[in-house]
Amino acid sequence: MTTTAATLVIGATGTTGSRTAAQLVAAGRRVKAAGRRATPLPGVEPVRFDWYDPATFADAVSGTDRVYLVPPVGDPDPAAVMLPFLRQARDAGVRRAVLLSSSAVPEGGPAVGAVHQALPGLFDQWAVLRPSWFMQNFTGAHLHADSIRADGVILTAAGSGRVGFVDADDIAAVAVRALTDERAPDTDLVLTGPEALSHDDIAAILTEVTGRPVLHRHLSYEDMRERLAALMPPEFAAMLAGMDRAIAEGTEDRTTDTVERLTGRPPHSFREVARRELTEAR
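Residues numbered from 1 in each chain as written. Predicted model: local features only at pLDDT ≥ 70, side-chain atom pairs only at ≥ 80, totals over all residues. Heavy atoms only, no water.

### Comments concerning the overall build of the chain
- Counting its secondary structure elements, the chain contains 11 helices and 11 strands.
- Radius of gyration (C-alpha) of the chain: 19 Å, near the 19 Å computed for a compact globule of 282 residues.
- With the C-alpha coordinates aligned to their principal axes, the bounding extent of the chain is approximately 60 × 40 × 35 Å.
- Buried positions account for 50% of the 282 residues belonging to the chain.
- Within the chain, contacts between residues separated by at least 24 positions form 74% of all contacts whose residues are at least 6 apart in sequence.
- Placing the 29 positive and 36 negative side-chain charges of the chain at their respective mean positions leaves the two points 4 Å apart. (Helix = DSSP H or I, 4+ residues; strand = E, 2+ residues; numbered from the N terminus. Rg over C-alpha atoms; globule rule 2.2 N^0.38 Å. Buried < 20%, exposed > 50% of the residue type's maximum accessible area, 1.4 Å probe, protein only. Contact = heavy atoms within 4.5 Å. Lys, Arg positive; Asp, Glu negative; His and termini not counted. Charge placed at Lys NZ, Arg CZ, Asp CG, Glu CD.)

Structure (structure tokens):
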């Protein structure tokens, strides 16, 4: 009797990893859920995994043939730890890798862009998901959501620039297709929601949905960088503040049809997500 190979989901308690694991389980797939604490989750096999502890790599990839990759959070050079793991995973029998990157980071660009560039040379079956900024940044565990809950403000250096914010549920739905379809995408996929919104638009929708006033406070690049540097390494803070500045310059003002093309349904709007995550739990 042969055991069906599992899909390894790295970051299985995170925003997209948890949703990807749950959707894979719902589709009848065997899932190994990797995280530093090997947290038990419904229907999965928990396994301890730490990007910075190579001793955890072998158990994580054992019995798997595909992997969903969430880079280490806050690391300005994730390739240094990710590429050794990916080589080991390939040698252990992993055939398909799906990487979570960002619409703001091109192939060969900073941070995870170097992993994106290397992935096709490591695996015959691959995909790079490049979602726009998450809608859950305003509803879940994120600096924006924290400042909204505490003070009713969103602080950015994005000015009036617009973003095709995307639902993490939609990212996970695309991840599941990229992991399980007979043919891998073998390309990068830019994922957005159905419309491009400014942070002023986001604040107005949150005010409407929750009944609590929310404002967008416009910061300079320098002020945003200093605010973030109090919470993370300076080089990563500068990169994130720079992404806000790029939004202000219009680089994220776009939408794509990728979610609907791969899942067969339209992406969720921010109003839908805000109602689902901020009012249905009441």
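From this point, the narrative continues.
### So, the packing of helix α3 (residues 79-91) against helix α4 (residues 113-122)
- Across the interface, α3 lies against α4 with an axial gap of 10 Å and an inter-helix angle of 15°. Between α3 and α4, the crossing angle belongs to the class labelled roughly parallel. The chirality of how α3 crosses α4 is right-handed. Contact with α3, carried on its side by Ala-79, Met-82, Leu-83, Leu-86, Arg-87 and Arg-90, involves Ala-114, Val-115, Ala-118, Leu-119, Gly-121 and Leu-122 of α4 and no other residues of that element.
- Broken down by class, the residue content of the contact of α3 with α4 amounts to nine nonpolar, one polar and two charged. (Axes fitted to C-alpha atoms, helices over the stretch in contact; angles between N-to-C directions. Parallel < 35°, antiparallel > 145°, perpendicular 65-115°, else oblique. Left-handed = near helix turned anticlockwise from the far one by under 90°. Nonpolar A, V, L, I, M, F, W, Y, C, P; charged D, E, K, R; others polar.)

### A closer look at the packing of helix α7 (residues 199-210) against helix α11 (residues 270-278)
- Running from N to C, α7 and α11 point in directions that differ by 45°, and their axes come no closer than 10 Å. Viewed along their axes, α7 and α11 adopt a mutual orientation that is oblique. Our pair here, α7 against α11, has a crossing hand that is right-handed. Between α7, through Ile-202, Ile-205, Leu-206, Glu-208, Val-209 and Thr-210, and α11, the contact on the second element is made entirely by Phe-270, Arg-271, Ala-274, Arg-275 and Leu-278.
- The residue makeup of the contact of α7 with α11, split by class, is seven nonpolar, one polar and three charged.

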